[in-house]
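Residue-level listing of the chains:
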Amino acid sequence: MTDTATKTPERAAAEATPKIGSGSDAQAQPQEIDGFQLVIDALKLNGIDTIYGLPGIPITDLTRRAQANGMRVLAFRHEQNAGYAASIAGFLTQKPGICLTVSAPGFLNGLNALAHATVNCFPMILISGSSEREIVDLQQGDYEEMDQLAVAKPVAKAAYRVLHADDVGVGIARAIRAALSGRPGGVYLDLPARLFAQSIDAETGSKTLIKVVDPAPRQIPAPEAVTRALDLLRSAKRPVIVLGKGAAYAQADSDIRALVEKSGIPYLPMSMAKGLLPDTHEQCASAARSFVLPGADVVMLIGARLNWLLSHGKGKTWGGKSAKDWGGQKFIQVDISPQEADSNVRIDAPVVGDMRSCVAALLAGMGANWAKPPGEWLSAVGEKKNGNIAKMAETLAKNPSPMNFHSALNVVRDIIKANPDAILVNEGANALDFTRSIVDMYKPRKRIDVGTWGIMGVGMGYCVAAAVTTGQQVIAVEGDSAFGFSGMEVETICRYNLPVCVVIMNNNGVYKGTDVDPTGRDPAPTVFVKSARYEKLMEAFGGVGVMAATPSELRSAMEEAIRSRKPTLINAAIDERAGTESGRITSLNPAAKKKP
Ligand code: ADP
Ligand code: TPW
Ligand code: MG
């Protein structure tokens, strides 16, 4: 990435603070450079041009000066949302997303997103200002006192603190390497207030900065691992490929598609891998998932973990007799982490390396005459899939009143089909599960959602980052509860005038809007104000708010949002009885299980 600084703001910054380095204006070469400027210069040197954050002591001037130096600084209303934005920017761009916060409370607000980045394998750096070490360490009660480094460590892939201005270069370089290399993750960088004000000789200072060479080095898989995997795959009678978000992250799209197509094997995309190949691809087996998983004999996992989202590779989902029983499948796992294999069940053929190198090696090893899987398996999968697609088409064609998830999402499905470059942000329970299964994706990295934790609150932060990093139209399908976690950021969306269309699936509550307090005193814990007018929130900040009671109202509002690219919030009134408890994961809910 090139230096995006324009001369004018840079000069202005240099003039406003003549003692402090601007970093690039040769004629007004300053004598000294301070910690603020070193941080900015180190980030820019490494092609990092955007900060998601929230200003305050001690980083207010860092945000101002970063902006004056040509960086994009997106200021949020709550650090958690800035953090989620940074995390998904990392996923979308393969550069660490930067979240910048103040000390203790700001840091803690951002910490959730740092943990989220680590859990989801997204590269992100949380940079937080912190208070005076001497006072913090003696617990003498400094302003916003907290040992942030210690608190961050358990949820970060790595955590560092920089105490001296001449170590800023090393600190930023280590943070970038840790975030990007191997399995990506969240990195914490602690910058005490005193560091920012330290000044050192400008020339010496600039020599301390490091432009990281090859931050995500290739990791070539062992040839024997590739052969072992291909031998197993070749022996399969009923193979299936599972594509995960590690495959989507790697940006090896054409090779992954070539691998799947050459193999002829049915594949299942995990939710953020949807669109890696179009969901309408003839080998896509999403609509036959519950047939394919128990039926398969060999499973090739490509950038997907056998965690809860895949029922840990065993149990009834996989044809096992009970919850912990092995279904009999053999597994190939392609992953950059050498520790991932065997985390849940035996992996017969681990292929460890970076995705691009692994997929290239597998493709080369398959040669020109790879035999497609047995026709019986393909036709059984095809039959199941077509049957389920036909059933779904019937459901989608209905037009019940009030509108339900299906009739509303049928509209979203058409809109995404007509706008395949749009990015779909999705969170909620029913609002998530129905969208994932109904709305087809056509291109890689166009669907971003609650991820590995099934976390609520990523919505508006993701929207901002998706719009800023890609320039594409963003469409967010949000449960009304899910939206509430980050709803105030509609102001941020309006302030930066981003092409974001938020559609709230408003069913008056968490899962449903029908619960009542058996004692009759309060609203039930799962319900909200009935028929709340969320669209007015968007209007409050100058965006477009629309109430949609029918699919046709929803359709025209979405079409207009895309045409105008104006910040838009559509409040889609969904039948409050339509959802199910916990969406698709009722089985994980101990209370619901006991119900007759
Ligand atoms: P999903 O939720 O889509 O199933 P997961 O987050 O569980 O996906 O798994 C993603 C996997 O991808 C992780 O195990 C991670 O180590 C792996 N991964 C991430 N980036 C790469 C890469 N560049 N090359 C290979 N594997 C990767
Ligand atoms: C940070 C628990 C999972 S899903 C959900 C909650 C609160 C909201 C579901 O209601 P919504 O969707 O969004 O209205 P719908 O369509 O079913 O009505 N806190 C966090 N993360 C999670 N996952 C929860 C709580 C939860
Ligand atoms: Mg709801």
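Only a predicted model underlies this, so the values are computations on that prediction, with no experimental measurement involved.

**A few points about the environment of Asn589**
1) Next: Tracing the sequence through the fold places Asn589 in the loop between strand E19 (568-573) and helix H24 (590-594).
2) Next: Here Asn589 falls in the buried class, since its relative accessible area comes to 17%.
3) Next: Residues Asn589 and Val102, spaced 487 residues apart in sequence, show a C-alpha to C-alpha distance of 37 Å.
4) Next: Excluding residues within four positions of it along the chain, Asn589 makes contact with Glu581 and Ser582.

**A short note on the site of ligand 2**
1) Next: Around ligand 2 sit 17 residues, and of these Asn430, Gly454, Asp480, Ala482 and Asn507 come closest.
2) Next: Here Ser481 contributes a backbone N or O atom positioned 2.9 Å from an oxygen atom of ligand 2.
3) Next: Coverage of ligand 2 by the protein amounts to 76% of the 590 Å² it exposes when considered alone.
4) Next: If you tally residues by element for the shell around ligand 2, the top one is helix H20 (residues 480-484), at 3 residues.
5) Next: In terms of residue class, the shell around ligand 2 is made up of 9 nonpolar, 7 polar and 1 charged.

**Topic: the environment of Pro58**
1) Next: With respect to the helices, strands and loops of the structure, Pro58 is situated in the loop between strand E2 (50-53) and helix H3 (60-68).
2) Next: For Pro58, a relative accessible area of 14% gives the class buried.
3) Next: Pro58 sits 44 residues away from Val102 along the chain, and the two C-alpha atoms are 6.3 Å apart.
4) Next: Each residue touching Pro58, except ones within four places of it in the same chain, is listed here: Phe36, Val102, Ser103, Gly129, Ser130, Ala193 and Phe196.

**Description of the environment of Leu424**
1) Next: Along the polypeptide, Leu424 turns up in strand E14 (residues 423-427).
2) Next: The class for Leu424 is buried, based on a relative accessible area of 0%.
3) Next: Residues Leu424 and Met441 lie 17 residues apart in sequence; the distance between their C-alpha atoms is 8.7 Å.
4) Next: In this view, Leu424 contacts Ile416, Thr435, Val439, Met441, Lys446, Arg447, Ile448, Ile475 and Val477; residues no more than four positions away in its chain are not counted.

**Remarks on the coordination of the magnesium ion (ligand 3)**
Four donors placed tetrahedrally around a metal ideally meet at 109.5 degrees, and six donors placed octahedrally ideally meet at 90 or 180 degrees.
1) Next: Within the protein, the magnesium ion (ligand 3) binds to Asp480 (OD), Asn507 (OD1) and Gly509 (O); these donor distances fall in the range 2.0 to 2.1 Å.
2) Next: Mapping the donors of the magnesium ion (ligand 3) onto the primary sequence gives the spacing D-x26-N-x1-G. Here Asp480 is found in helix H20, whereas its partner Asn507 is found in the loop between strand E17 (500-506) and helix H22 (535-540), with 27 residues between them in sequence.
3) Next: Its relative accessible area of 3% is what places Asp480 among the buried residues.
4) Next: On the basis of relative accessibility, which here comes to 3%, the residue Asn507 falls in the buried class.

**A word on the pattern of salt bridges**
1) Next: One pass over the full model with this rule turns up 28 salt bridges.
2) Next: Of the charged contacts, one joins Glu340 and Arg183 as a salt bridge, the two residues approaching to 2.8 Å between their closest N and O atoms. One end of the pair, Glu340, is in the loop between strand E12 (330-335) and strand E13 (349-352); the other, Arg183, is in the loop between helix H8 (168-180) and strand E7 (186-192), and 157 residues separate them in sequence.
3) Next: For Glu340, a relative accessible area of 9% puts it in the buried group.
4) Next: Using a relative accessible area of 26% as the deciding quantity, one classes Arg183 as partly exposed.
5) Next: Taking the shortest distance from any N to any O, the salt bridge between Lys443 and Asp421 comes out at 2.9 Å. Of this pair, Lys443 sits in the loop between helix H18 (430-438) and strand E15 (447-449) while Asp421 sits in the loop between helix H17 (405-418) and E14, and the two are 22 residues apart along the sequence.
6) Next: Lys443 gets classed as partly exposed once you look at its relative accessible area, which sits at 32%.
7) Next: The network of salt bridges with shared partners includes Arg133, Asp137, Asp147, Arg161 and Asp190.

**Focus: the sheet that holds strand E16 (residues 474-479)**
1) Next: The sheet built from 6 strands is open, its strands ordered E15-E14-E16-E17-E19-E18 with parallel pairing. The strands lining the two open edges of the sheet, one partner per strand, are E15 and strand E18 (544-548). For this sheet the average axis-to-axis angle between neighbouring strands, irrespective of direction, equals 15°.
2) Next: Across 5 bridges, the pairing between E18 and E19 is parallel. Within E19, the position partnered with Gly545 by the bridge is Leu569.
3) Next: Lying over the sheet, H17 contacts E14, E16 and E17, oriented at roughly 165° with respect to E16.
4) Next: The sheet contacts of H18 involve E14, E15, E16 and E17, and relative to E14 the element is tilted by about 140°.

**Remarks on the packing of helix H4 (residues 79-93) against helix H19 (residues 459-470)**
1) Next: The geometry of H4 relative to H19 is characterised by a closest axis approach of 7 Å and an angle of 40° between their N-to-C directions. Taken together, the axes of H4 and H19 lie oblique to each other. Here H4 runs over H19; the crossing is right-handed. Of H19, the residues touching H4 (which contributes Asn81, Tyr84, Ala85, Ser87, Ile88, Ala89, Leu92 and Thr93) are Gly461, Tyr462, Ala465, Ala466 and Thr469.

**Remarks on the sheet that holds strand E4 (residues 97-101)**
1) Next: Sheet architecture is open: 6 strands sit in the order E3-E2-E4-E5-E7-E6, paired in parallel fashion. Edge positions in the open sheet fall to strand E3 (72-75) and strand E6 (158-161), since each of these has one partner strand only. Going across the sheet, the axis of each strand differs from the next one's by a mean of 20°, ignoring polarity.
2) Next: Bridge count between strand E5 (residues 124-130) and E7: 7 bridges; the pairing is parallel. Opposite Ile127, over in E7, you have Leu189 as the bridge partner.

**A word on the confidence of the model for the chain**
1) Next: Overall, the prediction assigns the chain a mean pLDDT of 94, with 94% of residues at 70 or greater.
2) Next: When the criterion is pLDDT under 50, residues 1-24 qualifies, and its contacts beyond four places in sequence or with other chains add up to 37 contacts.

**Quick word on the site of ligand 1**
1) Next: Around ligand 1, 18 residues are found, and the nearest of them are Arg183, Lys245, Arg305, Asp335 and Met355.
2) Next: Between Met355 and ligand 1, the recorded distance is 2.8 Å, taken from a backbone N or O atom to a nitrogen atom.
3) Next: In isolation ligand 1 offers 580 Å² of accessible surface; the protein chains occlude 96% of this area.
4) Next: Per element, the largest residue contribution to the shell around ligand 1 is 3 residues, and it comes from helix H12 (residues 245-249).

**Comments concerning H17**
1) Next: Between the first and last C-alpha of H17 there are 20 Å, a value that for 14 residues agrees with the 20 Å anticipated at 1.5 Å per step.
2) Next: The elements touched by buried residues of H17 are helix H16 (375-397), E14, H18, E16, E17 and helix H23 (551-564).
3) Next: Backbone nitrogen of His406 and a side-chain oxygen of the N-cap are separated by 3.2 Å at the start of H17; the cap is Asn404.

Conventions and cut-offs
- Residues numbered from 1 in each chain as written.
- Chains lettered and ligands numbered in written order.
- Predicted model: local features only at pLDDT ≥ 70, side-chain atom pairs only at ≥ 80, totals over all residues.
- Heavy atoms only, no water.
- Helix = DSSP H or I, 4+ residues; strand = E, 2+ residues; numbered from the N terminus.
- Buried < 20%, exposed > 50% of the residue type's maximum accessible area, 1.4 Å probe, protein only.
- Contact = heavy atoms within 4.5 Å.
- Near = heavy atom within 4 Å.
- Polar contact = N/O pair within 3.5 Å; in protein donor to acceptor, adjacent residues only side chain to side chain.
- Areas by Shrake-Rupley, 256 points an atom, 1.4 Å probe, with all protein chains shown as cover.
- Nonpolar A, V, L, I, M, F, W, Y, C, P; charged D, E, K, R; others polar.
- Donors = N, O, S within 2.8 Å, 3.2 Å for Na, K, Ca; no water.
- Salt bridge = Lys/Arg side-chain N within 4 Å of Asp/Glu carboxyl O.
- Pairing = 2+ DSSP bridges.
- Axes fitted to C-alpha atoms, helices over the stretch in contact; angles between N-to-C directions.
- Parallel < 35°, antiparallel > 145°, perpendicular 65-115°, else oblique.
- Left-handed = near helix turned anticlockwise from the far one by under 90°.
- pLDDT = per-residue confidence, 0-100.
- Expected span 1.5 Å × (residues − 1).

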